[in-house]
Amino acid sequence: MNSCNLCEGKQLYKLIDFGAHPIAHDYLKTPSNDEYVHPVTLYFCETCGHIQLINPIPPDLLYENYVCLSSWKHQPHIPRLARIIEELNDIKKTSTILEVGSNDGRFLQVLKEHGYKKIIGMEPAHDAQIAAGQKGVITIPSYFNKKTAEGFVENYGHCDLFISRQMLEHINDLKDFHDAMDVVLSPGGFVVFEVPNFNCSLDTLDYTLWEEHVNYFTLETLTRFLAYSGIKIIHSEKILFSGEALIVIGKKVDIPLEPPKDYMEALRAKAINYSKSWPKFRNAFIKYLDDHKTAGGKVAVYGAGARVNSLINFVGLGPYIEFIVDDQQEKQGLFVPGSNLPILSGDALEKYSIDLCLLAVNTESEEKAISKHPEFIKKGGKFISVLPPSELLPHFWKRLIEESKI
Ligand SMILES: [Zn+2]
């Protein structure tokens with residue numbers, strides 16, 4: 001029987017069954033009809049409100065071909081994060097800092113430049129470890145779990161600052177993560193967590209889930225998660241990154257913390273609305289593109305990231321789209337998993353007379369993407385966004401958001 005990844009409660013309510021889909025970041029060298037597929041089903045825990053995928057893809061399979069280095073992503077909030085850490089008076093330049101899921105060491109490199117001396121990353125992906133090594137960032141080549149946490153303490157002692165950025169949402173076993181964090185963090189130590197803010201997805205009907213994200217946190221459920229480890233949130237803020245992200249700073253306190261409960265009713269109502277809006281959203285999206293195609297228009301997508309790859313497969317948008325363009329050369333010439341759409345370079349928008357381009361870049365990168373295509377706009381081409389919380393979402397989407405408000 002399934003139990004909640006956060007509280008181990010047994011009462012799980014099925015929000016949305018998206019069907020079985022291939023791994024969104026496993027780009028194909030040639031089109032394929034026999035990819036590995038895995039069911040994507042979203043649940044709500046009636047005990048703690050945690051929204052999650054049940055029976056997620058095993059990590060070994062999921063991260064086998066992981067080809068997304070942090071440095072490829074535009075992360076304008078990094079200086080802000082570094083500043084938040086500098087404002088923590090108890091964290092000195094000689095404090096021990098551990099970042100788990102440190103990817104190619106990009107953030108730790110920034111801390112290094114700020115003068116922090118004892119910084120260590122932990123990262124299982126091979127390509128990312130190599131890239132981190134080239135930056136001079138010490139990286140332990142493993143997943144973060146109780147065993148590797150114990151190994152860390154043996155070699156480096158407890159850490160004073162524990163950082164986990166865009167990682168907790170991937171964890172299939174939150175209890176083990178708890179136990180590992182309890183092992184590694186010094187008494188009175190600090191944590192920095194950055195996770196996608198699912199509250200924003202609920203509010204904007206954002207169905208661009210990643211099957212690699214098992215956990216869909218809101219501030220309330222993240223507070224609860226940290227309370228289990230005796231960590232009290234001392235600061236939180238929202239930033240635009242890959243949708244909206246939550247940044248929280250927590251401090252380990254000695255007293256046991258009672259998990260908060262008063263949010264359940266409101267969160268449940270929101271989650272149910274999100275679930276009920278899904279079939280309406282899917283039908284409206286297909287109608288929107290079908291109408292455009294019937295009128296002789298041609299549609300392409302700008303940006304072949306995992307979020308839009310999933311959205312195309314979940315909604316079934318593939319037959320209405322000509323191709324995807326992406327500025328990242330490593331992706332050009334490959335095919336999108338599931339939909340099998342080819343990935344071309346940006347000039348294909350003008351070359352193949354596309355007149356509607358679905359922007360699938362993060363909101364913070366939208367302006368830059370549009371500015372690269374003055375010719376497309378001059379010829380009457382139109383950009384709309386398919387990644388909330390953009391202002392450029394199509395009208396049907398904005399209408400459904402209004403309708404779904406409680
Ligand atoms: Zn739960």
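Please read all numbers here as calculations on a predicted model, not as lab measurements. Numbers given for residues are sequential positions, taken from 1 along each chain in its written order. Selection of residues for local features in this predicted model requires a pLDDT of at least 70, selection of side-chain atom pairs for listing and counting requires 80 or more, and totals for whole chains, interfaces and linings are taken over all residues. For the side-chain quantities, the full set of heavy atoms in the structure was used; hydrogens and water were omitted.

J.: Whenever I open this one, empty space enclosed by the protein confuses me. Can you help?
T.: To find leftover empty space, a probe the size of one water molecule is rolled over the atoms. Computed over the protein atoms alone on a 1 Å grid, cavities are sets of points where a 1.4 Å probe fits but cannot get out and pockets are open sets with protein on both sides within 12 Å along at least five of seven lines; a residue lines them when it has an atom within 4 Å of a point. Grid points are joined across faces, edges and corners, and a volume is the space filled by probe spheres set on the points. For the coordinates displayed, the defined rule picks out 2 cavities of 30 Å³ or more. Approximately 60 Å³ is the volume found for the largest cavity. Considering the residues around the largest cavity, the lining is formed by His-21, Pro-22, His-38, Pro-39, Val-40, Thr-41, Leu-53, Ile-54, Asn-55, Pro-56, Ile-57 and Glu-211. A per-element tally of the lining of the largest cavity places strand β2 (residues 38–45) first, with 4 residues. Per-class residue counts for the lining of the largest cavity are 7 nonpolar, 4 polar and 1 charged. Note on conventions: DSSP H or I runs of at least 4 residues are helices, E runs of at least 2 residues are strands, and numbering of each starts at the N terminus. Each residue receives one of three labels: charged for Asp, Glu, Lys and Arg, nonpolar for Ala, Val, Leu, Ile, Met, Phe, Trp, Tyr, Cys and Pro, and polar for the others, Gly being one of them.

J.: Could you clarify how one ought to interpret the coordination of the zinc ion in this entry?
T.: In an ideal tetrahedron of four donors about a metal, each angle is 109.5 degrees. In an ideal octahedron of six donors, the angles are 90 or 180 degrees. Distances from the zinc ion to its protein donors, namely Cys-4 (SG), Cys-7 (SG), Cys-45 (SG) and Cys-48 (SG), fall within the range 2.3 to 2.4 Å. Its 4 donor atoms give the zinc ion angles of 103 to 115 degrees at the centre, a pattern that matches the tetrahedral case. Coordination here is defined by N, O and S atoms within 2.8 Å of the metal (3.2 Å for Na, K and Ca), and since water is not considered, a site can look incomplete. All donors of the zinc ion belong to a single chain; written as a sequence motif, their spacing is C-x2-C-x37-C-x2-C. Here Cys-7 is found in the segment before β1 (12–21), whereas its partner Cys-48 is found in the loop between β2 and β3 (51–53), with 41 residues between them in sequence. Considered together, Cys-7 and Cys-48 belong to a single accessibility category, that of buried residues. Working rule for geometry: tetrahedral if four donors all subtend angles between 85 and 135 degrees; square planar for four, octahedral for six, if opposite donors exceed 155 degrees and the others stay between 65 and 115; irregular in every other situation. Only protein chains enter the accessibility calculation, which uses a 1.4 Å probe; a residue whose area is less than 20% of its type maximum is buried, one above 50% is exposed, and one in between is partly exposed.

J.: Honestly, the packing of aromatic side chains in this entry has me stumped. Any pointers?
T.: Two measures describe an aromatic ring pair: the distance that separates the ring centres and the angle between the ring planes. The pairing test for Phe, Tyr and Trp rings, Trp by its six-membered ring, is centres within 6.5 Å, and the orientation test on the planes gives stacked under 30 degrees, edge-to-face over 60, and tilted for anything in between. Evaluated as defined, the whole model comprises 26 aromatic pairs. Each member of the aromatic cluster is reached from another via a ring pair, and the members are Phe-18, Phe-198, Tyr-207, Tyr-216, Tyr-274, Trp-278, Phe-281, Phe-285, Tyr-288, Phe-314, Phe-396 and Trp-397. Above the face of the Tyr-13 ring, Arg-268 is positioned so that its terminal group lies 5.5 Å from the ring centre. For a lysine, the NZ atom is tested; for an arginine, the CZ atom; a charge sits over a ring if that atom is within 6 Å of the ring centre and within 35 degrees of the ring normal.

J.: How do you make sense of the nonpolar core when you look at a structure like this?
T.: Most often, soluble globular proteins have nonpolar side chains that are buried together. For the purposes of this section, nonpolar cores are sets of buried Ala, Val, Leu, Ile, Met, Phe, Trp, Tyr and Cys residues that join through side-chain atoms within 4.5 Å. Counting 86 residues, the largest nonpolar core has Phe-144, Phe-162, Phe-177 and Phe-225 as its most contacted members. The element contributing the most residues to this core is helix α9 (residues 264–294), with 9 residues. Counting contributing residues per domain, this core is built from domain 1 (12–266) and domain 2 (285–404), each supplying no fewer than three. Among the nonpolar cores identified, the runner-up in size contains 25 residues, and Ile-78, Ile-119, Ile-239 and Ala-245 belong to it. For the purposes of this description, domain bounds are those given by an automatic or database domain assignment.

J.: Whenever I open this one, the sheet that holds β1 confuses me. Can you help?
T.: Each strand in a sheet pairs with its neighbour through backbone hydrogen bonds, running either in the same direction (parallel) or in the opposite one (antiparallel). The strand order across the open sheet formed by 4 strands is β1-β2-β3-β9, and the pairing between neighbours is antiparallel. At either margin of the open sheet sits one strand with a lone partner, and together these are β1 and β9 (215–216). Strand pairing is defined by DSSP finding a minimum of two bridges between the two strands. Pairing of β3 with β9 involves 2 bridges; the strand directions are antiparallel. Note on β9: the bridge partner recorded for Gln-52 is Asn-215.

J.: Can you help me understand the sheet that holds strand β13 (residues 324–325) in this one?
T.: With respect to topology, 5 strands assemble into an open sheet ordered β14-β13-β12-β15-β16, the strand pairing being parallel. Two strands lie at the open edges of the sheet, namely β14 (343–344) and β16 (382–385), each paired on one side alone. Pairing analysis gives 4 bridges linking strand β15 (residues 356–359) to β16, with the strands arranged parallel. Residue Cys-357 lies in a different strand from β16, and its bridge partner there is Phe-383. Only heavy atoms enter the contact rule, under which two residues are in contact if any of them lie within 4.5 Å. Here an angle of 0 to 180 degrees is reported between the N-to-C directions of two axes, which are lines fitted to C-alpha atoms, with helices fitted over the stretch in contact. Contacts from α9 reach β12 (299–302), β15 and β16, with the element oriented near 155 degrees to β15.

J.: What exactly am I supposed to notice about the packing of helix α5 (residues 146–156) against helix α6 (residues 174–184) here?
T.: If you want to describe how two helices pack, look at the angle between their axes and the distance between the axes. The interhelical angle for the contact between α5 and α6, taken along N-to-C directions, is 10 degrees, at an axis separation of 8 Å. The pairing of α5 with α6 is recorded here as roughly parallel in orientation. Here α5 contributes Lys-146, Ala-149, Glu-150, Phe-152 and Val-153 to the contact with α6, which in turn contributes Asp-176, Asp-179, Ala-180, Val-183 and Val-184. For this classification, under 35 degrees means roughly parallel, over 145 means roughly antiparallel, 65 to 115 means roughly perpendicular, and everything else is oblique.

J.: Which parts of the structure should I look at to understand the pairing of strand β11 (residues 244–252)?
T.: Each regular strand carries side chains that alternate between the two faces of the sheet. Burial analysis of β11 places 7 of its 9 residues in the buried class, which makes it a mostly covered element. Sheet topology places strand β8 (residues 185–196) next to β11; 7 bridges connect them, and they run antiparallel. Across the sheet, the residue bridging to Phe-190 is Lys-251, located in β11. Pairing of strand β10 (residues 231–240) with β11, which is carried by 9 bridges, proceeds in the antiparallel orientation. Residue pairing for β11: Lys-232 is matched across the bridge by Lys-251. Between β10 and β11, which follow one another and run antiparallel, lie 3 residues, and Ser-242 among them has a positive phi close to 50 degrees.

J.: Whenever I open this one, the packing of α9 against helix α14 (residues 395–404) confuses me. Can you help?
T.: The interhelical angle for the contact between α9 and α14, taken along N-to-C directions, is 160 degrees, at an axis separation of 10 Å. As the angle between them shows, α9 and α14 are arranged roughly antiparallel. Judged by the twist between their axes, the crossing of α9 over α14 is right-handed. Every residue of α14 that contacts α9 at Asn-273, Ser-277, Lys-280, Phe-281, Ala-284, Phe-285 and Tyr-288 is listed here: Phe-396, Trp-397, Leu-400 and Ser-404. Across the contact of α9 with α14, the residue classes tally to 7 nonpolar, 3 polar and 1 charged. Crossing chirality is assigned from the near helix's rotation relative to the far helix, an anticlockwise turn below a right angle marking it left-handed and a clockwise turn marking it right-handed.

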